[in-house]
Amino acid sequence: MNLLRKAYEGFKKVLVFLLIIPVRFYQWVISPMIGPSCRYTPSCSVYSVEALKKHGPFKGLWLATKRILSCNPWGGSGYDPVP
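Residues numbered from 1 in each chain as written. Predicted model: local features only at pLDDT ≥ 70, side-chain atom pairs only at ≥ 80, totals over all residues. Heavy atoms only, no water.

- Looking at an unreviewed UniProt entry, one finds the protein chain named Putative membrane protein insertion efficiency factor, with Marinilabilia rubra as its source organism.
- Here the protein chain is described in UniProt, under the heading Subcellular location (unreviewed entry), as follows: "Cell membrane".
- In its Function (unreviewed entry) section, the UniProt entry covering the protein chain states "Could be involved in insertion of integral membrane proteins into the membrane." (UniProt positions renumbered as here; feature names shortened; annotations may be inferred.)

1. Here we look at the nonpolar core
Right, on to step 1. Within the largest apolar cluster, five residues are counted, these being Val16, Ile20, Val23, Val49 and Leu52.
Right, on to step 2. Only helix 1 (2–34) and helix 2 (44–70) provide two or more residues apiece to this core.
Right, on to step 3. No other element matches the three residues that helix 1 contributes to this core.
Right, on to step 4. Setting aside residues up to four positions removed in sequence, valine 23 forms contacts with Ser45, Ser48 and Val49. (Core = buried A, V, L, I, M, F, W, Y, C linked by side-chain atoms within 4.5 Å. Buried < 20%, exposed > 50% of the residue type's maximum accessible area, 1.4 Å probe, protein only. Helix = DSSP H or I, 4+ residues; strand = E, 2+ residues; numbered from the N terminus. Contact = heavy atoms within 4.5 Å.)

2. Examining the state of the cysteines
One covalent bond between the sulfur atoms of two cysteine residues makes up a disulfide.
Right, on to step 1. Tallied over the entire structure, the rule returns zero disulfides.
Right, on to step 2. Of all cysteine sulfurs, the one in cysteine 44 lies closest to cysteine 38, which takes part in no disulfide; the gap is 3.1 Å.
Right, on to step 3. A relative accessible area of 29% means that cysteine 38 is categorised as partly exposed.
Right, on to step 4. Note on cysteine 44: relative accessible area 12%, which makes it buried. (Disulfide = S-S within 2.5 Å.)

3. What to know about unusual backbone geometry
Right, on to step 1. At the junction of threonine 41 and proline 42, the peptide bond is cis and its omega measures out at -5 degrees in the coordinates.
Right, on to step 2. The residue proline 42 is located in the loop between strand 1 (40–41) and helix 2 in this model.

This is the structure:
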């Protein structure tokens, strides 16, 4: 059972790493070209990385998706840390 848990934890780490790659690409390549545009603090990309690292690939992806979808003129704004 311990071996199965270790395999699952390793799988989660790999998924988190793979999900962070596109966010980092956005941060390093796309974001400098378009400038700061997020309505929240921390920015949506920083929030996404934190959520993935803190909550894992499934809940972290869900939190990041909700945050990105709410970052629009009719959504919220201000300080919104990762729960």
